[in-house]
Amino acid sequence: MNRTRRRVAITGLGLVTPVGNDVATTWDALLTGSSGGAPITVFDASGFPVRIAAEVKGFPADGGLPDRKLVKLTNRSHRFALAAAEQALADAGIAPTPATATRWGCAVGAGMMTYDFADLATTHRHAAQTGELDALRMLSDDAANDPLVFCRSQATAGISLLTQRFGIEGYATSVHTACASGGQAVGTALKLIRRGAVDYALAGGFDSMISPVGVAGFCLLSALSSDNHAPQQASRPFDVTRNGFLLGEGAGFVVLEEWESARRRGAHIYAELAGDGNSLSSYRITDSPPDGDGPIQAMRQALADAGAAPGDVDYLNAHGTSTWMNDRSESAAIRAVFGDDTERVSVSSTKSSMGHLIAAAGAVEVAVCALAIQHDVMPVNANLRELDPEITLNIVRGEPRRARVRVALSNSFGFGGSNSCVVLRHPDAVDGGLAPG
Amino acid sequence: MRNEKIVITGTGAVCAAGAEPERILDAVLAGRSAIAPIKQWDASEWPIRNAGEVRLTARELVEDRKLHKLIRRTDLFGLYAAGRAIAAAGIIGHRDTLDEEGARRFSDRTGVYVGAGGGTYESHYDYFPLLTEANGELPAFGRELANTVNPMWLLRTLPNNVLGHIGIRYGLKGANACITNHSVSGTLALIEATEGLRQGEGERAVAVGHDAPVEPQLVLFYHRFGLLAADELRPFDARRDGSLFGDGAGALFVEKQAAASGRGASVLGEVLGGGYATEAQGLVAIRDDGDGPARAIAEALADAQIDARDVGMIVAHGNGTRASDASEAAAIRAVFGAQPPPVTAFKWAFGHLIAAAGIMETVLALAALRRNVVPGVATLRELDPACADMPISAAHQTPRSDVALILCRGFAGTNAALLIRAGRA
């Protein structure tokens, strides 16, 4: 390890999730394990095999944005992103100024589904009634010629909106490794500050796949829980009766700063963003390797990168999707990494409450780890009635667990085999030295 | 950590002008443009009729036919180019000589970095038959879903397919990224691969950028924004009227010097450093003064610890739009003053590869440096008077040194600059 490497502080959090449109509301819900699952309302899902999801609720249609023109440049997930980013910057009490703009970076995990179903349907009605695109008719289609449709459907629409709105002029990037996107975005921002490319970063993820095409895509893969009768219990990671994930949506952002400058300005530091690990499973595109190969390397690298030992870890926010394969594979990976220390590590999947926020999940869960460190309490793994006997982890069941969290890990594993693990450390353990236990 | 030398030991590329870096460069040097009438759909009545389409079949690009159902057109290009770079570097043969533990460690320490784009709209058209069958009604859409749409639809659509499939095909398990950052994606993949090696995240990595922007909806949108040319792409020309799309992918295999020399690999060149800046003016807007590219170049020079006068040639983004070329010239002027090194651009010959543009042009810059030539821009007839001080021409020039600067610009005001040094051919 390089002794002179710069440390990175987490100084601001912002969340828009299915269980709350801000940090405090989301955190309260995670502690009690209340679920964001409900029948789908954003479109008529009555004919779909899966009719439930964890939608963001009570969020203003215009995202609370100041002008209508800006609203028109956004899709649903962008509005979540702008709101969560605004919260994070306000929480940090620092924002880019003309003098610091070039020293700010932005790294986001952006959802893959940027093309709105309504626009697709418009083009279908006008230019594809036969079931195939008529390219000549496309020339006179409204949606296909609408500059606003273009702006909000571009993969970089998110960073464009964020950098312009907040005046970020340094390194700005969008990444996408499916469900690992948010974790990889935070990891990317960590590296940018460490290597001096920027001094501050807005990092996060945003997604909304609760749309006819998004839900359809997951239904076709049989990836979702079809417990339409019990949406609040549909997501039950590590339970022996689990049968797929609950699709969520939302955004999570963190403000990151070089440690010493954060200290100098007297910023409130939630945690040190201490390490990042990143690997490929290279097993199958959708399946998790049963022995945890891939996630194992990501966790080990993340711990090594943070200069932490398995015995230092008090809390692990699991990827824990509630699919049959992921949860067993992840359990095997955690056992392999932690060995005899496995019993000491409290594990929970907050997807049990929020559902799976896909490209936003990793970033939201990094914020959750920061809150666990801040409040000395680990959120509950909701809906766990009967633990899968193959899963031998110390899971936070029944109620949240109150204890000091010295080091926390956040796992995110994506379709395609990308694995991200992010390590957070208690600020007192950086400056003061925090005794084990 | 800057002292860690990152060397290039393999390249691969495919675009309308060819399926090998040297053949693509041959076409460029011969002044042949591969831009031609679009064939993927009937564009004869369209306002934009030309692009640089790759005409190779799926089988010619990726032999494994089972894979074709699981990936999209853009992924074929990415897998092809990455496969060529990996083969050129010879790492798989080397790994086969290692014992089990050594091979496992080799795979864990080999990264995959991808810049991806392409097919955003077209992939959704798989739902058109279902929408027709359901008569636009969602309940029927939901009921008939499984009977009409390929169950693998979502997987085919994943932006990170090339990343996942490179990993699976070659058993690579190291650090990785999939960057979906418009035109700078491929360049950023190479910058992040280089930084990952510098920071010790691995010993070697493949970096690839791929895209397939030649789809009707994207052509139409760009046209509505006035970004596309009526006929040909003429960077820095007085009468330039826009860009044109091209399909393709470019890839480089990079290694720590010690890793490459440890296995006796031949070295093509070196990645010296990169720089990056955002103008934050919105999706399409850019500043006139070249602020973003100028800052990116300055950062790349600082990162590489070299001086502007050490640069032997500049590969401009040169996308042929009025605003981008003019502001790029302003940036070059701001950094290099009155006597910039020879400038060229490549997009005129095979189109703008969007996510793959910068990395493709890096592959070609390396090949050109190794032949000691700055290729001319064959479509340049009359240099824009506003760019009169740019040493760019239809005729070939000679590089001032073995260092090339490659510029790359994307939507959201993003700008990347990359510096490479060529090894002796």
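If you're wondering where the values come from, they're calculated on a predicted model, not measured in any experiment.

Caption draft 1: Looking closely at the overall build of chain B. Along its length, chain B carries 17 helices and twelve strands. The 425 residues of chain B split such that 65% are buried. For chain B, the proportion of contacts with a sequence separation of at least 24, taken over those separated by at least 6, is 80%.

Caption draft 2: The arrangement of the overall build of chain A in detail. Per the secondary structure count, chain A includes 15 helices and 15 strands. A principal-axis box enclosing the C-alpha atoms of chain A has dimensions of 70 × 55 × 40 Å. Among the 437 residues that make up chain A, the fraction classed as buried is 66%. Look at the contacts in chain A between residues 6 or more apart in sequence, and 79% of them connect residues 24 or more apart.

Caption draft 3: A look at the interface of chain A and chain B. With 75 residues of chain A at the interface, the matching set in chain B holds 75 residues. For the side of chain A that touches chain B, the secondary structure elements donating two or more residues are α4 (117-127), α5 (135-138), α6 (147-153), α7 (157-166), β5 (172-175), α8 (181-194), α9 (212-220) and β8 (271-280) of chain A. A total of seven residues in the side of chain A that touches chain B trace back to one element, the largest contributor, which is α9 of chain A. Here the residues of the side of chain A that touches chain B are counted per class, giving 36 nonpolar, 33 polar and six charged.

Caption draft 4: Structural context of the domain arrangement of chain B. Domain boundaries in chain B define domain 1 (6-117 + 159-422) and domain 2 (123-154). Placing the centre of domain 1 of chain B and that of domain 2 of chain B at their C-alpha centroids yields a distance of 37 Å.

Caption draft 5: Region of the structure containing helix α14 (residues 291-304) of chain B. Residue and element names in this part refer to chain B. Relative to the 20 Å expected for 14 residues at 1.5 Å per residue, α14 spans 20 Å between its end C-alpha atoms, a close match to the ideal helical length. Counting buried residues along α14, twelve of its 14 residues qualify, which places the element largely inside the surrounding structure. Within α14 the residues assigned to the buried category are Asp291, Gly292, Pro293, Ala294, Arg295, Ala296, Ile297, Glu299, Ala300, Leu301, Asp303 and Ala304. Of the surrounding elements, those touching the buried residues of α14 are β8 (269-278), α15 (322-336), β11 (403-410) and β12 (414-422). After α14 finishes, the residue Gln305 shows a positive phi value of roughly 55°.

Caption draft 6: Highlighting the nonpolar core. Membership of the largest hydrophobic core comes to 308 residues, with the highest contact counts inside it found for Ala201, Leu202, Val254 and Leu256 of chain A together with Ala207 of chain B. If we skip the residues at most four places from it in the chain, Leu256 of chain A touches Val8, Ala9, Ile10, Ala189, Leu190, Ile193, Tyr200, Ala201, Ala203 and Leu273 of chain A.

Caption draft 7: Representation of helix α8 (residues 138-148) of chain B. Three or more residues of α8 of chain B are buried, namely Phe141, Gly142 and Leu145 of chain B. Buried residues of α8 of chain B fall within an arc of 100° about the axis and therefore sit on the same side.

Caption draft 8: Highlighting unusual backbone geometry. Not every positive phi belongs to a glycine, and Phe238 of chain A is a case in point at roughly 75°. By the secondary structure assignment, Phe238 of chain A is in the loop between α9 and β7 (249-258). The phi angle at Asn372 of chain B is positive, at roughly 60°, despite the residue not being glycine. Within the element layout of this structure, Asn372 of chain B appears in the loop between α17 (357-370) and β11. The exposure class assigned to Asn372 of chain B is exposed, which follows from the 12 C-beta atoms found within 10 Å.

Caption draft 9: How the structure looks around the pairing of strand β4 (residues 110-116) of chain B. Residues and elements named next belong to chain B. Of all seven residues in β4, seven are buried; the element is thus mostly enclosed. By the bridge criterion, seven bridges tie β4 to strand β6 (residues 204-211) in an arrangement that is parallel. Paired with Val112 across the strands is Val206, a residue of β6. Looking at chain direction, β4 and strand β5 (residues 176-179) are connected through four bridges and run parallel. If you follow Val114 over to β5, its bridge partner there is Cys178.

Caption draft 10: Representation of the packing of α9 of chain A against α8 of chain B within the structure. Axis separation between α9 of chain A and α8 of chain B bottoms out at 10 Å; the angle between their running directions is 25°. Our classification of the angle between α9 of chain A and α8 of chain B gives roughly parallel. The chirality of how α9 of chain A crosses α8 of chain B is right-handed. Here Pro212, Ala216, Cys219 and Leu220 of chain A of α9 of chain A come into contact with α8 of chain B, specifically with Leu138, Phe141, Leu145 and Ala146 of chain B.

Caption draft 11: How the structure looks around the packing of α8 of chain A against helix α14 (residues 361-375) of chain A. All names here are of chain A. At their nearest, the axes of α8 and α14 sit 4 Å apart, and the two run at 65° to each other. On the side of α8, the interface is formed by Ser181, Gly182, Gly183, Gln184, Ala185 and Val186, while α14 contributes Ala361, Gly362, Ala363, Val364 and Val366. Per-class residue counts for the contact of α8 with α14 are six nonpolar, five polar and no charged.

Caption draft 12: Here's a closer look at the environment of Val42 of chain A. Residues and elements named next belong to chain A. Looking at the element boundaries, Val42 is found in the loop between β2 (37-39) and β3 (52-54). Under the C-beta neighbour-count criterion, Val42 is labelled partly exposed, with 16 such atoms within 10 Å. Measuring from C-alpha to C-alpha, the distance between Val42 and Ser261 comes to 44 Å, with 219 residues separating the pair along the chain. The residues touching Val42, leaving out its near neighbours within four places in the chain, are Glu55 and Ile210.

Caption draft 13: Inspection of the environment of Gly119 of chain B at higher detail. All names here are of chain B. By secondary structure assignment, the location of Gly119 is in the loop between β4 and α7 (128-133). When the 22 C-beta atoms within 10 Å are taken as the criterion, Gly119 is described as buried. Each C-alpha atom, one on Gly119 and one on Arg72, is 7.5 Å from the other, the two residues being 47 residues apart in sequence. Residues contacting Gly119, with those up to four places away along its chain left out, are Arg72, Arg73, Thr74, Ala212 and Glu215.

Caption draft 14: View of the pairing of β6 of chain B. Residues and elements named next belong to chain B. Here β6 lies mainly inside the structure; eight of its eight residues are buried. Where burial is concerned, the two faces of β6 agree: the one with Arg204, Val206, Val208 and His210 and the one with Ala205, Ala207, Gly209 and Asp211 are both buried. Relative to strand β7 (residues 248-256), β6 is paired through eight bridges, and the arrangement is antiparallel. Of the residues in β7, the one forming a bridge with Gly209 is Gly250.

Caption draft 15: A look at the environment of Thr321 of chain A. Residue and element names in this part refer to chain A. Structurally, the position occupied by Thr321 is in the loop between β9 (313-317) and α12 (324-338). Taking the number of C-beta atoms within 10 Å as the measure of exposure, Thr321 has 27 and is therefore buried. As a C-alpha pair, Thr321 and Ala203 span 118 residues in sequence and 23 Å in three-dimensional space. Apart from the residues lying within four places of it in its own chain, the contact partners of Thr321 are Pro237, Phe245, Asn326, Asp327, Lys351 and His356.

How each quantity is defined
Residues numbered from 1 in each chain as written. Chains lettered and ligands numbered in written order. Predicted model: local features only at pLDDT ≥ 70, side-chain atom pairs only at ≥ 80, totals over all residues. Helix = DSSP H or I, 4+ residues; strand = E, 2+ residues; numbered from the N terminus. Buried ≥ 20, exposed ≤ 12 C-beta atoms within 10 Å, placed from the backbone. Contact = placed C-beta atoms within 7 Å. Nonpolar A, V, L, I, M, F, W, Y, C, P; charged D, E, K, R; others polar. Domains from an automatic or database assignment. Expected span 1.5 Å × (residues − 1). Core = buried A, V, L, I, M, F, W, Y, C linked by C-beta atoms within 7 Å. Arc of directions from axis to C-beta. Pairing = 2+ DSSP bridges. Axes fitted to C-alpha atoms, helices over the stretch in contact; angles between N-to-C directions. Parallel < 35°, antiparallel > 145°, perpendicular 65-115°, else oblique. Left-handed = near helix turned anticlockwise from the far one by under 90°.

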